[in-house]
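Chain and residue survey
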Amino acid sequence: MSRETLALGVENLALRQLKRFVYKRNEFSKVMVADECLERAAISCRRLNELMERRLPIYGVTTGFGDSCFRFVDPQHGEMLQANLVSYLLCGSGPLLPVDACRAMFLIRLKSLSRGFSGVSVELLERMRLFLANDWIPAVPCEGSLGASGDLIPLAYLAQCLQGEGQMFVDGKLQETADVLARAGVAKYRLKPKEGLALVNGTSAMAGLYLSNLVAAQALLQLSSVATAWLCLVLRGRTEPFDILINEKANLHTGQRQVAATVLALIRAEGYACKPLSEMILESSLTSEAVQDRYSLRCAPQILGPVTDTVQLLGTWLEEEINGSSDNPLLEADGNLGMGGNFYGGYLSQGMDYLKISLAHIADMVDRQLAMLIDEKSNRGLPANLANWPGLAREHRHLHHGLKGLHQSVSAITSEIMAKAMPNGIFSRSAESHNQDKVSLGMSAAVQCQQLTGQLYTVFGHYLICLAQAVDLRSITLRGEVSQDLYALVRRAVPFVAGDRPLDRGVQTLRESLMDRAERQAGETYEKV
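So, a few notes on the structure that sits alongside this text. Remember, it's a predicted structure, so these values are computed and weren't measured experimentally. (Residues numbered from 1 in each chain as written. Predicted model: local features only at pLDDT ≥ 70, side-chain atom pairs only at ≥ 80, totals over all residues. Heavy atoms only, no water.)

Concerning the pairing of strand S6 (residues 167-170)
- Bridge count for strand S4 (residues 137-138) against S6 is two bridges, and the pairing is antiparallel. From the neighbouring strand, Ile137 faces S6, where its bridge partner is Phe169.
- Note: S6 against strand S7 (residues 173-176), four bridges, orientation antiparallel. Across the sheet, residue Phe169 finds its bridge partner in S7, namely Leu174.
- Remark: two residues form the turn of the hairpin made by S6 and S7, two consecutive strands paired antiparallel; Asp171 in that turn has positive phi of roughly 55 degrees. (Pairing = 2+ DSSP bridges. Helix = DSSP H or I, 4+ residues; strand = E, 2+ residues; numbered from the N terminus.)

Printed below as a string of structure tokens:
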């Protein structure tokens, strides 16, 4: 298979390209920065040096940082100032960010600096390109960023690696940067004026984790549609709520229409059709079957539709963010200098807050669907707690409680997800001597969203085990390609539960399989329905 070159040019980097590079890294052999970008960077760097020669007060170049912006620094100390900036910011804590998020962070930072507004040298861009080409990915702790002025502390770890220090991931393994560079014969890099600030003063870390969370959200949405279709099958539910009358002719929301069409296609792939109302039997003024289902099933398009539209909107916001310049100050080719706040991260912060709320709605819907499936009063003839009563002697049936524990666990985890859905951005605090008196907390929102998605994968692991159990209890043989693939994934992790037994290891295996599946699908269109 021929491998591609990722070329960063003056045109925008599409979100699909970013996804492919992050999640299908083995398809790329080289990373290049277009000559036009390098020329722009060289001009920008030259203009910055000219301003420094005039001893103008330029924030973070000939002045201190943050509240110290009024303290002038002699231009001859410009390189030391940048090295000190990176040093004092290396105080991060907490677990390391995922490698995929850090790979995205690195590429996004290079794209931003290569636009020619940041005053950095061609040498820095070449060093960043070299790291990406070798897939040398900095190890970055998740705690410490206020989300304005960008992700100062997380991005300091990127700058540290470029200088030949700290740790990074090579082939998925954590190694000392100095050792890796020594083996490759690459000298340590010395930051030039503005370059430390240009590296750390941006939104790239939160954007990288934002991408990771967005990929997870898309996968979880897919699982939601498949699970809803399976629930309709095993409960012998109504299909009208997913038809075009409700979702296209009588409604205008794009996301709702998409979800309904996906669920209906999945149901039809199984050859299922609900009983026409004309064939229902009336006995003692009661219908033989329910004429409509509970909201968590019937209103799935209305629940998941806004989530679908939110994910689409957040993808647009991310694509716009990664193609901008988020550091400060910025300057044009004519030497015009501007000091502003593109590092603020407001779109990414609110995007992650919106995503957390949306995913909490999915968790709540799943919890309610599972409650309906587990309870013998509402699961339409399935055994209580989906226990294998047909395979047990009658005198032993009441000794077994089936999948009761899974629902208890889902209820507990769902409550934790709900707590994490509180928006982070509204807890902005004044920091750094009141210079950063209103911050985005975008990284905090992204980290908490990552934690939430991890728990939601666990919830789906529990739920899919229960749905597969119900499918088997109903003796349904799934026919659709998507359903067959997912059912096989579940059954490889957890075989049919014939009697009460521990399920914790199986749940963990399934959770990991679902997450791996999401990464494999990243950047691909979900069309198999």
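Quick word on the packing of helix H11 (residues 254-269) against helix H13 (residues 300-322)
- Interaxial distance between H11 and H13 falls to 7 Å at its minimum, and their mutual angle equals 120 degrees. Looking at the two axes, H11 sits oblique to H13. In this structure, H11 meets H13 at a crossing whose hand is right-handed. Of the residues in H13, those touching H11 at Thr254, Gly255, Gln256, Gln258, Val259 and Ala260 are Ala300, Pro301, Gln302, Leu304, Gly305, Thr308 and Asp309. (Axes fitted to C-alpha atoms, helices over the stretch in contact; angles between N-to-C directions. Parallel < 35°, antiparallel > 145°, perpendicular 65-115°, else oblique. Left-handed = near helix turned anticlockwise from the far one by under 90°. Contact = heavy atoms within 4.5 Å.)

Topic: the nonpolar core
- Of all hydrophobic cores here, the largest spans 155 residues; its most connected members are Leu18 and Leu373.
- The dominant element in this core, judged by the number of residues it contributes, is helix H9 (residues 204-235), at 23 residues.
- With residues up to four places along the chain from it excluded, the contact list for Leu18 reads Leu13, Ala104, Leu107, Ile108, Leu211 and Ile322.
- Listed in part, the six residues of the second largest apolar core include Leu48, Met52, Ile58 and Leu331. (Core = buried A, V, L, I, M, F, W, Y, C linked by side-chain atoms within 4.5 Å. Buried < 20%, exposed > 50% of the residue type's maximum accessible area, 1.4 Å probe, protein only.)

With respect to the packing of helix H4 (residues 99-113) against helix H5 (residues 122-133)
- Relative orientation of the contacting elements H4 and H5 amounts to 155 degrees, with a least axis distance of 10 Å. Classed by the angle they form, the pair H4 and H5 counts as roughly antiparallel. Once H4 is placed against H5, the crossing between them reads as left-handed. Facing Arg103, Phe106, Leu107, Arg109, Leu110 and Leu113 of H4, the residues of H5 in contact are Leu124, Leu125, Met128, Arg129, Phe131 and Leu132.
- Here the contact of H4 with H5 is composed, by residue class, of nine nonpolar, no polar and three charged. (Nonpolar A, V, L, I, M, F, W, Y, C, P; charged D, E, K, R; others polar.)

Overview of the pattern of salt bridges
- Tallied over the full model, the rule gives 18 salt bridges.
- In this structure, Asp367 and Arg368 form a salt bridge, with 2.8 Å as the shortest nitrogen-oxygen distance.
- Each of Glu4, Arg20 and Glu27 takes part in a single network of salt bridges with overlapping partners. (Salt bridge = Lys/Arg side-chain N within 4 Å of Asp/Glu carboxyl O.)

Overview of the side chain of Gln160
- In this fold, Gln160 is placed in helix H6 (residues 152-162).
- Sequence-distant contacts of Gln160, that is, excluding residues within four places in its chain, are made with Val86, Leu90, Glu165 and Gly166.

Quick word on the packing of aromatic side chains
- Tallying each qualifying case throughout the model produces six aromatic pairs.
- Here the aromatic rings of Phe131 and Trp136 are separated by 5.2 Å at their centres, their planes lie at 90 degrees, and the arrangement is edge-to-face.
- Residue class for Phe131 comes out buried when judged on its relative accessible area of 0%.
- For Trp136, a relative accessible area of 6% corresponds to the buried category.
- An aromatic cluster is built from Phe106, Phe131 and Trp136, whose rings are joined through pairwise contacts. (Phe/Tyr/Trp six-rings, centres within 6.5 Å; stacked < 30°, edge-to-face > 60°.)

Some points on the sheet that holds S7
- A sheet is described by the order of its strands in space; here three strands give the open sequence S4-S6-S7, paired in antiparallel fashion. Because the sheet does not close on itself, it has two edges, and the strands there are S4 and S7.

Focus: the side chain of Arg491
- Along the chain, the position of Arg491 falls in helix H17 (residues 481-493).
- When its relative accessible area of 15% is taken as the criterion, Arg491 is described as buried.

Re the environment of Leu337
- Inspection of the secondary structure puts Leu337 in strand S11 (residues 337-338).
- Apart from residues lying up to four places away in sequence, Leu337 is in contact with Leu51, Ile58, Pro329, Leu330 and Leu331.

Re H9
- Here H9 spans 46 Å end to end across 32 residues, near enough to the 46 Å set by a 1.5 Å rise per residue.
- Count one or two residues on from H9 and you reach Arg236, which has phi positive near 55 degrees. (Expected span 1.5 Å × (residues − 1).)

Structural notes on unusual backbone geometry
- Of note, the bond from Ala148 into Ser149 is cis; its omega dihedral lies within 30 degrees of zero at 5 degrees.
- Note that Ser149 resides in the loop between strand S5 (141-143) and H6.
- The omega angle of the peptide bond from Asn328 to Pro329 is -5 degrees, so this bond is cis rather than trans.
- In this structure, Pro329 sits in the loop between H13 and strand S10 (330-331).
- Within the chain, Ser285 stands out as a residue other than glycine whose phi angle is a positive 65 degrees.
- Along the chain, Ser285 turns up in the loop between strand S8 (282-283) and strand S9 (286-287).
- By relative accessible area, Ser285 is classed as exposed at 74%.

Description of the environment of Ser378
- Looking at where Ser378 falls in the secondary structure, it is placed in the loop between helix H14 (346-374) and helix H15 (404-420).
- Among residues more than four places away in sequence, those in contact with Ser378 are Leu235, Arg294, Ala371 and Met372.
- Side-chain polar atoms of Ser378 contact the backbone oxygen of Met372, separated by 2.9 Å. (Polar contact = N/O pair within 3.5 Å; in protein donor to acceptor, adjacent residues only side chain to side chain.)

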